[in-house]
Amino acid sequence: MKLIVGLGNPGRKYENTRHNLGFACLEAVARSVGAGSGTGKFDADLQDVVWGEERLLLVRPLTFMNLSGQAVRRFVDFYRLPLSQLLVICDDLALPVGTIRLRATGSSGGQKGLQNICDVLGSIDIPRLRLGIGAAPPEWDAADYVLARVPAGEREILDQAVQAGCEAALYWAGQGISAAMNRFNRNPASEKKPPDDAA
């Protein structure tokens, strides 16, 4: 059994904002595995689906971002899951727009939902998939930036990141965090083909 948690804020006010990329990625995962409609459980929306040989619990906390740990703790305790079986998907200001990164452990990097989960669970050893939204411009407050709707010019890049995140999350569910990191934590710049006249 694997628990995949997408972070965001509930309500139409927050739809299509940078801070809701975790929700968007989880929705992509749900579509990919043919999950049915969700049910309310532990202050969250839950989709419970069998995918291949894995049972996936797809969870969208409805407690608002900064209290995400409340719902996650209840799922972890109820299903008696080791933290290695949990994957948290969230946005990240520290990564360039459209970049995805998997990590098995580490600090929250200032992401308040992830920080709350680490605080409530009492551990930083929580696998996480971070979707880059880029740093806030100098004239923007970080909170306003993450809660702003994504402009059209950035939408396509983030949609691609969401799809890549979906693939990474499912690969993690089947193969584990180390294999997923090796496959998806790549530097796009290093993968560019050399020019034809390169030696």
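Residues numbered from 1 in each chain as written. Predicted model: local features only at pLDDT ≥ 70, side-chain atom pairs only at ≥ 80, totals over all residues. Heavy atoms only, no water.

Student: I tried to follow the packing of aromatic side chains on my own but got confused; where do I start?
Tutor: Ring pairs (aromatic) are described by centroid distance and by the angle formed between their planes. For the structure on display, the rule yields seven aromatic pairs. Between F42 and F78 the ring centres are 5.5 Å apart and the planes differ by 65 degrees, which places this aromatic pair in the edge-to-face class. In this pair, F42 sits in the loop between strand 2 (39-41) and strand 3 (44-51) while F78 sits in helix 2 (residues 68-79), placing the two residues 36 residues apart along the sequence. Judged by its relative accessible area of 17%, F42 is buried. Geometrically, the ring pair formed by W140 and Y145 is edge-to-face, given 5.9 Å between the ring centres and 85 degrees between the ring planes. Judged by relative accessible area, which is 38%, W140 ranks as partly exposed. (Phe/Tyr/Trp six-rings, centres within 6.5 Å; stacked < 30°, edge-to-face > 60°. Helix = DSSP H or I, 4+ residues; strand = E, 2+ residues; numbered from the N terminus. Buried < 20%, exposed > 50% of the residue type's maximum accessible area, 1.4 Å probe, protein only.)

Student: What am I meant to see in helix 1 (residues 21-32) here?
Tutor: Along an α-helix, a turn takes 3.6 residues, which lines up residues three or four apart on a common side. Taking 1.5 Å per residue, twelve residues should reach 16 Å; helix 1 reaches 16 Å between its end C-alpha atoms and fits that length. When helix 1 is considered as a whole, its buried residues turn out to be L21, G22, F23, C25, L26, A28, V29 and A30. Just downstream of helix 1, G34 is the residue with a positive phi angle, here 70 degrees. (Expected span 1.5 Å × (residues − 1).)

Student: What exactly am I supposed to notice about the packing of helix 2 against helix 3 (residues 112-121) here?
Tutor: Where helix 2 meets helix 3, the closest approach of the two axes is 8 Å, and the angle between their N-to-C directions is 45 degrees. As the angle between them shows, helix 2 and helix 3 are arranged oblique. In the packing of helix 2 onto helix 3, the handedness of the crossing is right-handed. Along the contact surface, helix 2 presents S68, G69, Q70, V72, R73 and V76, while helix 3 presents G113, N116, I117, V120 and L121. For the contact of helix 2 with helix 3, the per-class residue count stands at five nonpolar, five polar and one charged. (Axes fitted to C-alpha atoms, helices over the stretch in contact; angles between N-to-C directions. Parallel < 35°, antiparallel > 145°, perpendicular 65-115°, else oblique. Left-handed = near helix turned anticlockwise from the far one by under 90°. Contact = heavy atoms within 4.5 Å. Nonpolar A, V, L, I, M, F, W, Y, C, P; charged D, E, K, R; others polar.)

Student: Just to check I follow, could you spell out the side chain of T17 for this structure?
Tutor: Relative to the helices and strands, T17 resides in the loop between strand 1 (2-6) and helix 1. A residue is classified by how much of its surface remains accessible, and T17, at 2% relative accessible area, is buried. Those residues within four positions of T17 in sequence are excluded, and the remaining contacts are V146, L147, A148, R149 and V150.

Student: Please explain the pattern of salt bridges as it appears in this structure.
Tutor: Pairing is possible between side chains of opposite charge, provided their charged atoms come close. What the rule picks out here adds up to seven salt bridges. D48 is paired through a salt bridge with R55; the nearest N and O atoms lie 2.5 Å apart. One salt bridge connects R130 with D92, and the closest N-O pair in it is separated by 2.9 Å. Linking R130 in strand 7 (residues 128-132) with D92 in strand 5 (residues 86-92), this pair joins segments that are 38 residues apart in sequence. Judged on exposure class, the residue R130 and its partner D92 are both buried. (Salt bridge = Lys/Arg side-chain N within 4 Å of Asp/Glu carboxyl O.)

Student: In this structure, what is going on with the nonpolar core? I would like to understand it.
Tutor: It is characteristic of soluble globular proteins that their nonpolar side chains tend to be buried jointly. Core analysis: the largest hydrophobic core is formed by 34 residues, its most contacted members being L58, L87, I89, L102 and L129. Those elements giving two or more residues to this core turn out to be helix 1, strand 4 (54-61), strand 5, strand 6 (100-103), strand 7, helix 4 (142-147), helix 5 (152-175) and helix 6 (177-184). If one sorts the elements of this core by residue count, helix 5 sits on top with nine residues. Leave out the neighbours within four places in its chain, and I89 touches I4, V5, G6, L7, G22, C25, L129, L131 and A169. Ranked by size, the runner-up nonpolar core spans 23 residues in total, among them M65, L81, C90 and L114. (Core = buried A, V, L, I, M, F, W, Y, C linked by side-chain atoms within 4.5 Å.)

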